[in-house]
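Overview (structure and organization)
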Amino acid sequence: MRFKFSLTALGLEVAMIVLFGLFVEYETDQNASPQGNATKSTKVDQFPQLYPFFQDVHVMIFVGFGFLMTFLKKYGFSGVGFNLFIAALGLQWGTILQGLLHTHGKKFHIGIKSMIHADFSTATVLISFGAVLGKTSPIQMLIMTILEIAVFAGNEYLVTTIFEASDVGASMTIHAFGAYFGLAVAGILYRSGLRQKHKNEESVYHSDLFAMIGTLFLWIFWPSFNSVIAEPGEKQYRAIVNTYLSLVTCVITAYAFSSLVEHRGKLDMSTMAMQGAALGSSIGSAVAGGLVTGLILRLPIWDQPPDEYCFDDAVYWKVPKWREHDDQFLQHENQNHLEPEV
């Protein structure tokens, strides 16, 4: 994996730098407003107004989704670490693709709105990431990020620009798209050896706790996510208030149904984390793109982990020598308990 992944990642980053140099420019007062100084409301002026919304969405991408993926007992490093890697790559690729699409291949200006839309494009991959969590290699996730954002950018341009559909909360272009794309990829990558539950495919106390922290970050900032691209004023106000009220209603409903379906009416923390984060989750393009991506990722050149090593950080990460859920760790601790105190 050392050379294949490293060289691919570095090659892609060099390509991103070249593309940014060729097509991306800073926004200024002159190029942000077609009327020059005739208006004071330019895109540059919008930057400080929208930056708080951007911060909220950014926290959701890196902290919310990152910690949400730590629910597996031996896959916490990979959950939060690969989330950071996917997001960092996706932000750059999304900025370039969406900018080129909306300017028809010409140079474009990077600003607060393009940064927000880049976060949106990355969110689709992170949603899909949950469907293949623990069963893919880093290079497979790298390839999936590049391909999915390309399909997403085309689908988003088709829905919002060509069809002029109203999708303020991005439920079609982000949530539904990411979910169906991930399911399509997971279906193609299906392995019969993992039909029965894998020994590592479960949570422990602290992994569920960290996943719940991710859910809380997503929950708190979701009104910003749903309203950031809405037209300022009445529409943005309604998007914030409606999302806020929907969130609190969903929490009560999730707790009620968790108690209803669980044994002896006990609440399930992993259920709370997943239901709390699935509040808003163009199906055709998502499924088609996911199937094609899955077929590409099935090629035996991407270092996909074998069945017995799925859902384990140790395959791709340097992990501490002792982990509390390892048998060796438990034996070591038991021996320490038997030693007399000094």
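Described below are features of the structure shown in this document. No experiment lies behind these values; they were computed from the predicted model shown.

Of regular secondary structure, the chain possesses 12 helices and 2 strands. Counted from the first residue to the last, the chain has its helices and strands arranged as α-β-α-α-α-β-α-α-α-α-α-α-α-α. Taking all 342 residues of the chain together, the buried fraction comes to 42%. A total of about 18400 Å² of accessible surface is found on the chain, and carbon and sulfur atoms cover 63% of it.

A few words now on the pattern of salt bridges. A side chain of one charge can pair with a side chain of the opposite charge if their charged atoms are brought near each other. This model, assessed by the stated rule, comprises 6 salt bridges. Here Asp303 ties to Lys4 by a salt bridge, and the two come within 3.6 Å at their closest N and O atoms. The class for Asp303 is partly exposed, based on a relative accessible area of 30%. Look at Lys4 and you get partly exposed, because its relative accessible area is 35%. A salt bridge links Glu234 to Arg238, with the shortest nitrogen-to-oxygen separation between them at 2.7 Å. With Glu234 and Arg238 both in helix 9 (residues 234-261) and 4 residues apart, the pair spans about one turn of that helix. Owing to a relative accessible area of 47%, Glu234 belongs among the partly exposed residues under this scheme. Judged by relative accessible area, which is 49%, Arg238 ranks as partly exposed.

Most often, soluble globular proteins keep nonpolar side chains buried together rather than apart. Formed by 58 residues in total, the largest nonpolar core has its most connected members in Phe129 and Ile174. Elements that contribute at least two residues to this core include exactly helix 1 (2-23), helix 3 (43-68), helix 4 (76-102), helix 5 (112-129), helix 6 (138-162), helix 7 (171-188), helix 8 (205-227) and helix 11 (283-297). Here Phe129 is in contact with Met69, Ser78, Gly79, Phe82, Asn83, Ile86, Met141 and Met144, once residues within four sequence places are set aside.

Attention now moves to the packing of aromatic side chains. Under the counting rule described, the total for this entry stands at 12 aromatic pairs. A centroid spacing of 5.4 Å and a plane angle of 55° characterise the contact between Phe5 and Phe85, whose relative ring orientation is tilted. Here Phe85 lies in helix 4 and Phe5 lies in helix 1, a separation of 80 residues in the sequence. Among the residues examined, Phe5 registers a relative accessible area of 17% and is labelled buried. Residue Phe85 is classed as partly exposed on the basis of its relative accessible area of 24%. Here a set of aromatic residues connected by ring pairs shows up, and it is made of Phe77, Phe82, Tyr316 and Trp317.

In this structure, Leu216 sits in helix 8. You can call Leu216 partly exposed: its relative accessible area is 44%. Each C-alpha atom, one on Leu216 and one on Leu68, is 9.2 Å from the other, the two residues being 148 residues apart in sequence.

What counts as what
- Residues numbered from 1 in each chain as written.
- Predicted model: local features only at pLDDT ≥ 70, side-chain atom pairs only at ≥ 80, totals over all residues.
- Heavy atoms only, no water.
- Helix = DSSP H or I, 4+ residues; strand = E, 2+ residues; numbered from the N terminus.
- Buried < 20%, exposed > 50% of the residue type's maximum accessible area, 1.4 Å probe, protein only.
- Areas by Shrake-Rupley, 256 points an atom, 1.4 Å probe, with all protein chains shown as cover.
- Salt bridge = Lys/Arg side-chain N within 4 Å of Asp/Glu carboxyl O.
- Core = buried A, V, L, I, M, F, W, Y, C linked by side-chain atoms within 4.5 Å.
- Contact = heavy atoms within 4.5 Å.
- Phe/Tyr/Trp six-rings, centres within 6.5 Å; stacked < 30°, edge-to-face > 60°.

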